[in-house]
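In case you want the letters, here they are:
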Number of protein chains: 2
Amino acid sequence: MTTRRRFVHAGAQTRRADLIAATLDLIAEGGPQAATVRAIATRAGVTPGLIRHYFATKEDLIAAAHQHLMSGLTEASAERLEDLPDDPLARLSVFLANAVSPPVTDPRTVALWAASMQLVPRDAKMRAVHRETYLEFRDLLQRMITEALAHSGQPVEQAQTLAIAGNALLDGLWIEAGALPDAFTPDQLKSIAINAFSRLLKLELPEV
Amino acid sequence: MTTRRRFVHAGAQTRRADLIAATLDLIAEGGPQAATVRAIATRAGVTPGLIRHYFATKEDLIAAAHQHLMSGLTEASAERLEDLPDDPLARLSVFLANAVSPPVTDPRTVALWAASMQLVPRDAKMRAVHRETYLEFRDLLQRMITEALAHSGQPVEQAQTLAIAGNALLDGLWIEAGALPDAFTPDQLKSIAINAFSRLLKLELPEV
DNA sequence: CGGGTAATTATACATTTGCATAATTACGCA
DNA sequence: TGCGTAATTATGCAAATGTATAATTACCCG
């Protein structure tokens, strides 16, 4: 004779957030196959059936988790940007440093990204989220590049191409840093990123 | 009354190779979760029970498949180098163009890479293979960068830093190209890569 | 040519998984 | 206060999965 689980009423936002957090935790720890409906529910302190109440299907939950993860990364890179002086070069330097530092550069984050990356080619919903978040980050980078170029009196028509290349550079750096944490020191990564962008944009970005 | 499947005797090498090929095909098409014992057996034209005869467990089979994939990629990228011209700048250009073109930039390759990437943080053996192949490719790139810099009379002491950044740039480009095949044209990718490297190395790489 | 052995198939089984449905509980509003 | 409704739990189920085991087949060596 088992006792019924205590009924706890939490809002929709809370529950959705908890379920997404539990999903990301499990995927980070044990890969996508570890994120079963029951495991997610247990981790979120909830009953399996509740998942169905908030997400029509498990794929929906996973897509939502991916969305949350990616926009979180963009926000983390843009963090502390408001506090800075208006100098476009300094702003870009801080942005780059953020993009190759924890929590962005973090084994857990990279594992999560790899897991979702593997779904992107096959799942239309995932692909849509990926495209959206990718372009969002790239546009942000492109705007900062444009401002930096204009501030130093350079033509800005190549800004988009440079943003694509710069975005790829940052992607590659944080992937390798996350996959091989011991291969680079944090300062080394920042220095590489800022130096590479200085050459890409043909201007002198300040170290941070 | 079903008829018994025709018994076909094949050697151990053949069967192991077939099972590994079937596993990689399935992972590339449908992700790791598509590589079930039954699906692998069907794809390999074999009965599920036979897998157990060659691999003690499914994990063993998948590990063997990843090993095969990685060494295959290494061999493929090393093979390309012989055909390149003697001029260091032209060599580098062709190398870059190859690195962002099929079959390297290929949804199947990227999907397989993402699948293994997801195991790297959790599996020591996978991590060792990853580190080895990463450093191998980076050293190759660094040698070509050194030659290009020397050929144009530039100092070469920053070659390693530039190789790290350049490698990251290529990684990022082919990942995005594989994930969003419609976002870039092949020519666009080549042009972006060569232009970015021209700026990184402060020299004029020829278009190919 | 005949038997032993490895290769291959067939069957069975316990477990896990995602999902559906019905029962139960708490909250808000009249 | 009472009732409707959304939130949450409990239970069930069919399908899929990995693996174990026994039966069957082809090859090889004497």
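Residues numbered from 1 in each chain as written. Chains lettered and ligands numbered in written order. Predicted model: local features only at pLDDT ≥ 70, side-chain atom pairs only at ≥ 80, totals over all residues. Heavy atoms only, no water.

### Comments concerning the protein's contact with DNA strand C
- Around DNA strand C, a shell composed of 23 residues is seen, among which Arg38, Arg52 and Lys58 of chain A together with Arg5 and Tyr54 of chain B lie nearest.
- Per the 4 Å cut-off to the protein, sugar and phosphate atoms form 74% of the nearby atoms of DNA strand C.
- Taking Val8 of chain B, its main chain carries an N or O atom lying 3.3 Å from a phosphate oxygen of DNA strand C.
- Within the contact set of DNA strand C, a phosphate oxygen lies 2.6 Å away from a side-chain nitrogen or oxygen of Tyr54 of chain B.
- At the level of elements, helix 2 (37–43) of chain A together with helix 3 (48–54) of chain B are the ones that each hand at least two residues to the surface near DNA strand C.
- A total of four residues in the surface near DNA strand C trace back to one element, the largest contributor, which is helix 3 of chain B.
- Of the residues belonging to the surface near DNA strand C, the class tally is eight nonpolar, seven polar and eight charged. (Near = heavy atom within 4 Å. Polar contact = N/O pair within 3.5 Å; in protein donor to acceptor, adjacent residues only side chain to side chain. Helix = DSSP H or I, 4+ residues; strand = E, 2+ residues; numbered from the N terminus. Nonpolar A, V, L, I, M, F, W, Y, C, P; charged D, E, K, R; others polar.)

### Focus: the packing of aromatic side chains
- All chains considered together, the criterion is met by four aromatic pairs over all chains.
- Look at Trp113 of chain B and Trp174 of chain B: their rings are 5.5 Å apart centre to centre, the planes differ by 70 degrees, and that puts the pair in the edge-to-face class. With Trp113 of chain B in helix 6 (residues 107–117) and Trp174 of chain B in helix 8 (residues 159–179), the pair connects residues that are 61 residues apart, well separated along the chain. Neither residue differs from the other here; Trp113 of chain B and Trp174 of chain B are each classed as buried.
- One Lys or Arg, Arg16 of chain A, reaches over the ring of Phe55 of chain A and ends 4.7 Å from the middle of that ring. (Phe/Tyr/Trp six-rings, centres within 6.5 Å; stacked < 30°, edge-to-face > 60°. Buried < 20%, exposed > 50% of the residue type's maximum accessible area, 1.4 Å probe, protein only. Lys NZ or Arg CZ within 6 Å of the ring centre and 35° of its normal.)

### Some points on the protein's contact with DNA strand D
- Among the 23 residues in the neighbourhood of DNA strand D, the closest are listed as Arg5, Ala10 and Tyr54 of chain A together with Arg52 and Lys58 of chain B.
- Backbone atoms, meaning sugar and phosphate, make up 72% of the atoms of DNA strand D lying within 4 Å of the protein.
- Val8 of chain A places a main-chain nitrogen or oxygen 3.4 Å from a phosphate oxygen of DNA strand D.
- One of the side-chain nitrogen or oxygen atoms of Arg15 of chain A is found 2.8 Å away from a phosphate oxygen of DNA strand D.

### Here we look at the domain arrangement of chain A
Residues and elements named next belong to chain A.
- On domain assignment, one finds that chain A holds domain 1 (10–55) and domain 2 (59–201).
- Every contact between the two is made by eleven residues of domain 1 and, on the other side, eleven residues of domain 2.
- For the pair domain 1 and domain 2, the two sides together bury roughly 1,000 Å², of which 84% comes from carbon and sulfur.
- On the domain 1 side of the contact with domain 2, Ile20, Leu24 and Phe55 bury the most area, a combined 46% of that side's loss.
- Summed over the shared surface of domain 1 and domain 2, the number is one salt bridge.
- When the shortest N-O distance is used, the salt bridge between Asp25 and Arg108 registers 2.7 Å.
- Counting the contacts that link domain 1 with domain 2 gives one residue pair in polar contact (both at pLDDT 80 or more). (Domains from an automatic or database assignment. Contact = heavy atoms within 4.5 Å. Buried area = accessible area lost by both parts, 1.4 Å probe. Salt bridge = Lys/Arg side-chain N within 4 Å of Asp/Glu carboxyl O.)

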